[in-house]
Amino acid sequence: MSDKIYNILFLCTGNSARSIMAEALVTTMGHGRFRGFSAGSRPAGAVHPLAIEQIEATGYPLELLRSKSWDEFGAPDAPQMDFIITVCDNAAGETCPYWPGHPMSAHWGFEDPAAATGSDEEKRAAFHKVFRQIMTRINVFLSLPLHMLEKNAIQHEIKAIGANAVSLS
């Protein structure tokens, strides 16, 4: 078993919900093997309160949550990423900055819960649904024997996680 800690950056446009939830989930579910980060191409400037509500139960330190630009992670002093995952279709179609170290990348598209309309309970349900979907994909990702797989096999597997969209209602 490898002692390597893998850095994974989740990207979205606004960095207020999906990417933030993924950052917290991979960090807490990875039990010290993974360090999650998140950023956006056009950050909203604030984390959505319903995303915070979902994250609260994970035990992730809420004071670490902030909406930030992906430019922070292209800087020379930024942590080197092993994986870059886009979680919204808009970010997947944008030209990303250069990522030092040539991390593996994939797209795991999720509906935008921040775009949900209706009552507070309907909005909360949309956030919970997407949170569970992200959790399911991260579970599959965390089960990969990364220390035993070659880079091409890992790349294939992380893309397959996004292509084989697991839906939870």
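Definitions and cut-offs
- Residues numbered from 1 in each chain as written.
- Predicted model: local features only at pLDDT ≥ 70, side-chain atom pairs only at ≥ 80, totals over all residues.
- Heavy atoms only, no water.
- Buried < 20%, exposed > 50% of the residue type's maximum accessible area, 1.4 Å probe, protein only.
- Helix = DSSP H or I, 4+ residues; strand = E, 2+ residues; numbered from the N terminus.
- Pairing = 2+ DSSP bridges.
- 1 Å grid on protein atoms, 1.4 Å probe; cavity = no way out; pocket = protein on both sides within 12 Å on 5 of 7 lines; lining within 4 Å.
- Points joined across faces, edges and corners; volume = space filled by probe spheres on them.
- Core = buried A, V, L, I, M, F, W, Y, C linked by side-chain atoms within 4.5 Å.
- Contact = heavy atoms within 4.5 Å.
- Salt bridge = Lys/Arg side-chain N within 4 Å of Asp/Glu carboxyl O.
- Phe/Tyr/Trp six-rings, centres within 6.5 Å; stacked < 30°, edge-to-face > 60°.

Caption draft 1: How the structure looks around the pairing of strand β3 (residues 83-86). Here β3 shows a buried face lined by Phe83 and Ile85 and a second buried face lined by Ile84 and Thr86. The pairing of strand β1 (residues 6-12) with β3 spans four bridges and is classified as parallel. Paired with Phe10 across the two strands is Ile85, which belongs to β3. Pairing of β3 with strand β4 (residues 104-107), which is carried by four bridges, proceeds in the parallel orientation. Pairing of Ile85 across the sheet is with Ala106, part of β4.

Caption draft 2: Layout of the layout of surface pockets. The volume enclosed by the largest pocket comes to roughly 160 Å³. For the largest pocket, the full set of lining residues is Glu23, Thr27, Arg35, Gly36, Phe37, Tyr60, Leu64, Arg66, Lys68, Glu72, Phe73 and Pro79. Secondary structure elements with two or more residues in the lining of the largest pocket: α1 (18-29) and β2 (34-40).

Caption draft 3: Molecular detail of the nonpolar core. By size, the foremost hydrophobic cluster in this structure holds 40 residues, and its most contacted members are Phe10, Phe83, Trp108, Ile138, Phe141 and Ile158. When contributions to this core are tallied by element, the ones reaching two or more residues are β1, α1, α2 (49-56), β3, β4, α4 (120-142) and α5 (151-163). Looking at this core, the element that brings in the most residues is α4, giving eight residues. The residues contacting Ile138, other than those within four sequence positions of it, are Phe10, Ala22, Leu25, Val26, Met29 and Trp108. Core analysis: the next-biggest nonpolar cluster, separate from the first, contains nine residues, Leu11, Ala39, Met81 and Trp99 among them.

Caption draft 4: Geometry of the pattern of salt bridges. Throughout the structure, instances matching the rule amount to seven salt bridges. In this structure, Arg124 and Glu53 form a salt bridge, with 2.4 Å as the shortest nitrogen-oxygen distance. Residue Arg124 is found in helix α4, and its partner Glu53 is found in helix α2; the two are separated by 71 residues along the sequence. Given a relative accessible area of 32%, Glu53 falls into the partly exposed group. With its nearest N and O atoms 2.8 Å apart, the salt bridge here joins Arg124 to Glu121. Taken together, the residues Arg124 and Glu121, both in helix α4 and three residues apart, mark about one turn of the helix. Its relative accessible area of 25% is what places Arg124 among the partly exposed residues. A residue is classified by how much of its surface remains accessible, and Glu121, at 54% relative accessible area, is exposed. Each of Glu53, Glu121 and Arg124 takes part in a single network of salt bridges with overlapping partners.

Caption draft 5: Main features of the packing of aromatic side chains. Under the definition given, this model contains seven aromatic pairs. Ring centres of Phe37 and Phe73 lie 5.7 Å apart, and the angle between their planes is 65 degrees; on these two criteria the pair is classed as edge-to-face. You can see Phe37 sitting in strand β2 and its partner Phe73 sitting in the loop between α2 and β3, a full 36 residues away along the chain. For the pair Trp108 and Phe141, a centre-to-centre distance of 6.0 Å together with 65 degrees between the ring planes defines the contact as edge-to-face. Placement of the pair is Trp108 in the loop between β4 and α4 and Phe141 in helix α4, with a sequence separation of 33 residues.

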